[in-house]
Every structure is written in structure tokens, then in C-alpha cells.
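Secondary and tertiary structure notes
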Amino acid sequence: MIELRTHAEIEQMKPAGRFVADVLTRLLEVADVGVNLLELDALAHAMIRARGAQSCYIDYHPSFGAMPFGKVLCTSVNDAVLHGLPRDYTLQDGDLLSVDFAAAVDGWVSDSAVSVVVGTAAQQDLDLIDTASRALDAGIAAAQVGARVGDISAAIAAVAHADGLSINTDFGGHGVGRTMHGDPHVPNNGRPGRGYPLKPGLVIAIEPWFLQTTDVLYTDPDGWTLRSGDGSRGAHMEHTIAITDRGPLVLTAR
Ligand code: MG
């Protein structure tokens, strides 16, 4: 079911967006060569406690998961791109790190992700992050009242295809509200003018993610982390936005 939020409810969702943005900003300041993924998770957990927020991940236990997620961040490194379960791993020079974070404040969720390279960056990694970032911007720009979900999907896909990337549509954007995942699904590829009409008060996460030379994923033995089928690297950029009569409002802007 698709729920539309009133102007007052969107105002109530702003603190969650602010908090998620602030946590990611802090994590980007800290993430560096020599930092362990478990330290990043612990830092985010401390910020959750200090804010009185709720993690959307720690108790997350979908049917495909062997056990609850148990951490508050997704940290996906190099050939991992989504759902990376934080593990005892120290970041190395040139690692491509994607951090995905969702939390609730006052009962409202926001969800956002960002990719960076720590230490010395390979140009092709910077290019992949840049493509994902521009795809996110294009998707947000297409999120206008009167357009449809397919317009967002097509705008994302156009950026990826222009850079020669293929797209996996198994995982994409989604409605956000009292819970992390709601309708509608917002795929990273689709046809303009198709799908659910974008109405004022629709709040969605838009989240392009791409791999350098494949669109095939496999699940790591940890049961969560999704890795590229060919070992190439991935990037993932995500914001939660509200569709309004005055255009898209990015709730998780950093
Ligand atoms: Mg997310």
C-alpha cells in the first residue's frame, strides 16, 4: 500500500533525515586507511543511543536471513556493494567503501547511502562513484509531481547507460515512512511515463548502485553481503526524498 504524507508529517520526518545525514557525515570524516569496519558500526551505534534513535537494521530479519542483522550499518567494501555486514576488517589504501544507514527518529525513518574511496583512489573507482552520484541527482530531479516512478527509473538508467554500465533491478529504491521498506518499488531502470504517479506527500528512497563490469550479484557466505559476480567494484548512492508541489525535498541532504 502506498501512503502519502501530509505537510505536517513531512515536517515530522525531517529530524530523522537530519540525523541520518549527520551520522553519514561523521562516518565519512572518520573512515580512513587503518579504520576497522566494526569501529564505524560502533560509532554509528553510539550516535543512535545519544540521539535516542532506533536502528532499522539491528533486528532486521527477513525470510532470507539466517539470523537478525545485528549491526546498525551496512559497510560494503570493493566487490561488495549492498547489505555489507560489518566485520573485523581494517580499511586498506584504495578501498572503495559504501556505507548505508537507516534509522528512525520520533517514529519516522530515513535511509541514505554514500560511497567513498579511502586513501589513494583509482580513477575508475572515482568514475564509478561519480556515475552513481549523477544518477542519484538525475533520479531526484525527475521526482516531480505529475511524473511517474518510471521517469525516475529511466533518468537513473540513462546516466548509467551513457557510461556503459549495466543495471541490476533486483534491488532498488522504495517507499519510506514508519518502516524502512514500503511501496512503491523504485527500480534503477524503467520506462518513462510508466508506474505509480508521483503525488505530493510521497516519500521514497532513491538508490542507484552499479558495478563496474557486471550486473550479477552473489551472496557472501555471511548470508547478507552482496558481491559482484566478477570481482569488479560497486558504488551506491542513496537519499530519502519527499515529493512536494515545490519539487523534490531531500530529507537526508548532507
Ligand atoms: Mg539504504
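Structure: above.
Residues numbered from 1 in each chain as written. Predicted model: local features only at pLDDT ≥ 70, side-chain atom pairs only at ≥ 80, totals over all residues. Heavy atoms only, no water.

Focus: the coordination of the magnesium ion
Summarising the metal site, the magnesium ion is bound by the protein donors Asp-100 (OD), Asp-100 (OD), Asp-111 (OD) and Glu-238 (OE), whose distances to it range over 1.9 to 2.8 Å. Here the donor residues of the magnesium ion are spaced in sequence according to D-x10-D-x126-E. You can see Asp-100 sitting in strand E4 (residues 96–105) and its partner Glu-238 sitting in the loop between strand E12 (234–236) and strand E13 (239–244), a full 138 residues away along the chain. (Donors = N, O, S within 2.8 Å, 3.2 Å for Na, K, Ca; no water. Helix = DSSP H or I, 4+ residues; strand = E, 2+ residues; numbered from the N terminus.)

Remarks on the pairing of E13
Along any regular strand the residues' side chains alternate between the sheet's two faces. The buried fraction of E13 is high, at 6 of 6 residues. Of the two faces of E13, both are covered, the one formed by His-239, Ile-241 and Ile-243 as well as the one formed by Thr-240, Ala-242 and Thr-244. Bridge analysis of strand E8 (residues 203–206) against E13 gives 4 bridges, and the strand direction is antiparallel. Residue pairing for E13: Ala-205 is matched across the bridge by Thr-240. As judged from the 4 bridges shared by E13 and strand E14 (residues 247–250), these two strands associate in the antiparallel manner. Bridge pairing links Ala-242 to Leu-249 in E14. (Buried < 20%, exposed > 50% of the residue type's maximum accessible area, 1.4 Å probe, protein only. Pairing = 2+ DSSP bridges.)

Examining empty space enclosed by the protein
Under the counting rule described, the total for this entry stands at 2 cavities of 30 Å³ or more. Each pocket or cavity is described by its volume, and for the largest cavity that value is around 50 Å³. In terms of lining residues, the largest cavity is bounded by Leu-37, Thr-75, Ser-76, Val-77, Ala-80, Gly-84, Leu-85, Arg-87, Thr-225 and Arg-227. Among the elements that take part in the lining of the largest cavity, strand E2 (residues 74–77) stands out by supplying 3 residues, more than any other. Of the residues assigned to the lining of the largest cavity, the class counts are 4 nonpolar, 4 polar and 2 charged. Its boundaries defined by the atoms lining it, the second largest cavity holds a volume of some 30 Å³. (1 Å grid on protein atoms, 1.4 Å probe; cavity = no way out; pocket = protein on both sides within 12 Å on 5 of 7 lines; lining within 4 Å. Points joined across faces, edges and corners; volume = space filled by probe spheres on them. Nonpolar A, V, L, I, M, F, W, Y, C, P; charged D, E, K, R; others polar.)

Some words on the packing of aromatic side chains
Under the definition given, this model contains 4 aromatic pairs. With 6.0 Å between their ring centres and 70° between their planes, Tyr-57 and Phe-69 make a pair best called edge-to-face. Of this pair, Tyr-57 sits in the loop between strand E1 (54–55) and E2 while Phe-69 sits in the loop between E1 and E2, placing them 12 residues apart in sequence. Judged by its relative accessible area of 6%, Phe-69 falls in the buried class. Pairing Tyr-60 with Trp-224 gives two aromatic rings, centres 6.3 Å apart and planes at 40°, and the pair type is tilted. Of this pair, Tyr-60 sits in the loop between E1 and E2 while Trp-224 sits in the loop between strand E10 (217–219) and strand E11 (226–228), placing them 164 residues apart in sequence. (Phe/Tyr/Trp six-rings, centres within 6.5 Å; stacked < 30°, edge-to-face > 60°.)

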